[in-house]
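Geometric and topological summary
The lines below spell out each chain.
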Amino acid sequence: MPPTTIADVRTIGINVADQDDAIAFYVTTIGFEKRLDAPISPTTRWVEVAPPGAATSIALNAAEASNDVGADTGIRFTVPDAETEHAAMRDRGVNVGEMLRWDELPPMYSFDDPDGNRFYVVEEMT
(Lines give C-alpha, C1' and ligand atoms only; values in the text may rest on other atoms or scores of the structure.)
Protein backbone atom coordinates (compact mmCIF):
# COMPACT_ATOMS: atom_id res chain seq x y z
CA MET A 1 0.00 0.00 0.00
CA PRO A 2 1.49 3.41 -0.93
CA PRO A 3 2.07 5.93 1.87
CA THR A 4 -0.23 8.91 2.24
CA THR A 5 0.44 12.17 0.46
CA ILE A 6 -1.23 14.15 3.27
CA ALA A 7 1.31 16.76 4.33
CA ASP A 8 -0.33 19.04 6.90
CA VAL A 9 -3.51 20.11 8.71
CA ARG A 10 -5.04 23.12 6.96
CA THR A 11 -8.32 23.80 8.76
CA ILE A 12 -10.25 22.50 11.75
CA GLY A 13 -13.97 23.25 11.91
CA ILE A 14 -16.06 24.21 14.91
CA ASN A 15 -19.76 25.03 15.09
CA VAL A 16 -20.87 28.50 16.15
CA ALA A 17 -24.34 29.91 16.67
CA ASP A 18 -23.64 33.18 14.84
CA GLN A 19 -20.68 33.60 12.48
CA ASP A 20 -20.52 37.39 12.85
CA ASP A 21 -20.47 37.14 16.66
CA ALA A 22 -17.80 34.45 16.42
CA ILE A 23 -15.68 36.58 14.08
CA ALA A 24 -15.92 39.47 16.55
CA PHE A 25 -14.76 37.23 19.40
CA TYR A 26 -11.89 35.54 17.60
CA VAL A 27 -10.64 38.65 15.78
CA THR A 28 -11.38 41.49 18.20
CA THR A 29 -11.18 39.77 21.59
CA ILE A 30 -8.62 37.02 20.99
CA GLY A 31 -6.55 38.76 18.29
CA PHE A 32 -6.78 36.21 15.48
CA GLU A 33 -6.91 37.29 11.86
CA LYS A 34 -9.83 36.63 9.54
CA ARG A 35 -8.39 34.71 6.59
CA LEU A 36 -11.47 33.88 4.59
CA ASP A 37 -15.12 34.93 4.49
CA ALA A 38 -16.83 33.75 1.31
CA PRO A 39 -20.37 32.74 0.35
CA ILE A 40 -20.84 29.08 -0.51
CA SER A 41 -24.60 29.37 -1.10
CA PRO A 42 -27.23 32.12 -0.87
CA THR A 43 -27.61 31.42 2.87
CA THR A 44 -24.24 29.95 3.92
CA ARG A 45 -20.68 31.23 4.04
CA TRP A 46 -17.26 29.77 4.73
CA VAL A 47 -15.34 31.67 7.42
CA GLU A 48 -11.80 30.96 8.60
CA VAL A 49 -9.81 32.62 11.39
CA ALA A 50 -6.33 31.86 12.69
CA PRO A 51 -3.60 33.11 14.97
CA PRO A 52 -1.35 35.44 12.95
CA GLY A 53 1.24 33.41 11.07
CA ALA A 54 -0.30 30.01 11.95
CA ALA A 55 -0.39 27.29 9.31
CA THR A 56 -3.71 25.87 10.54
CA SER A 57 -6.94 27.86 10.58
CA ILE A 58 -10.29 27.37 12.29
CA ALA A 59 -13.45 27.29 10.19
CA LEU A 60 -16.38 28.92 11.97
CA ASN A 61 -19.24 26.73 10.74
CA ALA A 62 -22.80 28.00 11.13
CA ALA A 63 -24.53 25.50 13.41
CA GLU A 64 -27.80 24.11 12.16
CA ALA A 65 -29.34 24.13 15.65
CA SER A 66 -28.52 25.95 18.88
CA ASN A 67 -27.61 22.68 20.58
CA ASP A 68 -24.95 21.95 17.93
CA VAL A 69 -22.43 24.27 19.63
CA GLY A 70 -20.38 23.99 22.78
CA ALA A 71 -17.91 21.16 22.14
CA ASP A 72 -14.58 20.35 23.70
CA THR A 73 -12.60 20.93 20.50
CA GLY A 74 -9.39 19.33 21.70
CA ILE A 75 -7.52 22.13 19.94
CA ARG A 76 -4.30 23.23 21.65
CA PHE A 77 -2.73 26.61 20.89
CA THR A 78 0.87 27.34 21.86
CA VAL A 79 2.21 30.51 23.44
CA PRO A 80 5.67 31.53 24.65
CA ASP A 81 4.36 32.31 28.17
CA ALA A 82 1.10 30.71 29.33
CA GLU A 83 0.85 32.80 32.51
CA THR A 84 1.07 36.08 30.57
CA GLU A 85 -1.47 34.99 27.95
CA HIS A 86 -3.80 33.67 30.66
CA ALA A 87 -3.80 37.05 32.38
CA ALA A 88 -4.27 38.91 29.09
CA MET A 89 -7.24 36.75 28.07
CA ARG A 90 -8.80 37.15 31.51
CA ASP A 91 -8.36 40.94 31.26
CA ARG A 92 -10.10 40.89 27.85
CA GLY A 93 -13.09 39.12 29.41
CA VAL A 94 -12.44 35.64 28.02
CA ASN A 95 -13.77 32.75 30.11
CA VAL A 96 -10.45 31.12 31.10
CA GLY A 97 -9.85 28.12 33.31
CA GLU A 98 -7.24 27.89 36.02
CA MET A 99 -3.54 27.55 35.21
CA LEU A 100 -2.57 23.88 35.29
CA ARG A 101 0.93 22.79 36.17
CA TRP A 102 2.31 19.25 36.31
CA ASP A 103 5.84 17.95 36.64
CA GLU A 104 7.58 17.60 33.29
CA LEU A 105 4.68 19.16 31.36
CA PRO A 106 4.35 22.76 30.20
CA PRO A 107 1.86 25.07 31.96
CA MET A 108 -1.54 25.17 30.32
CA TYR A 109 -5.14 26.32 30.72
CA SER A 110 -8.45 26.14 28.91
CA PHE A 111 -10.72 28.85 27.59
CA ASP A 112 -14.24 28.88 26.19
CA ASP A 113 -15.62 30.94 23.35
CA PRO A 114 -19.07 32.54 23.73
CA ASP A 115 -20.69 29.39 22.27
CA GLY A 116 -19.06 27.20 24.91
CA ASN A 117 -16.49 25.67 22.56
CA ARG A 118 -13.46 24.74 24.68
CA PHE A 119 -9.85 25.29 23.61
CA TYR A 120 -6.52 24.88 25.39
CA VAL A 121 -3.43 27.07 25.57
CA VAL A 122 -0.10 25.36 26.23
CA GLU A 123 3.25 27.00 26.83
CA GLU A 124 5.84 26.15 24.19
CA MET A 125 8.40 23.65 25.43
CA THR A 126 11.98 24.79 25.20
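Before any of the text, the structure's been laid out above.
Read on for an overview of the structure.

Cut-off values and rules
Residues numbered from 1 in each chain as written. Predicted model: local features only at pLDDT ≥ 70, side-chain atom pairs only at ≥ 80, totals over all residues. Heavy atoms only, no water. Pairing = 2+ DSSP bridges. Helix = DSSP H or I, 4+ residues; strand = E, 2+ residues; numbered from the N terminus. Contact = heavy atoms within 4.5 Å. Axes fitted to C-alpha atoms, helices over the stretch in contact; angles between N-to-C directions.

**Examining the sheet that holds strand S8 (residues 118–123)**
- With respect to topology, four strands assemble into an open sheet ordered S5-S8-S7-S6, the strand pairing being mixed. Because the sheet does not close on itself, it has two edges, and the strands there are strand S5 (72–79) and strand S6 (95–96).
- Pairing of strand S7 (residues 108–112) with S8 involves five bridges; the strand directions are antiparallel. Each residue of the ladder has a partner; that of Phe111, found in S8, is Phe119.
- Strands S5, S6, S7 and S8 of the sheet are contacted by helix H2 (residues 82–91), whose axis makes an angle of about 20 degrees with S7.

**Here we look at the pairing of strand S4 (residues 57–62)**
- Pairing analysis gives six bridges linking strand S1 (residues 11–16) to S4, with the strands arranged parallel. What sits directly across from Val16, in S4, is Ala62.
- As defined by bridge partners, strand S3 (residues 45–50) adjoins S4 across two bridges and the pair is classed as antiparallel. Counted as the bridge partner of Glu48 is Ala59 from S4.
- Linkage of S3 to S4, two consecutive antiparallel strands, is achieved through a turn of six residues, within which Gly53 is found at a positive phi near 85 degrees.

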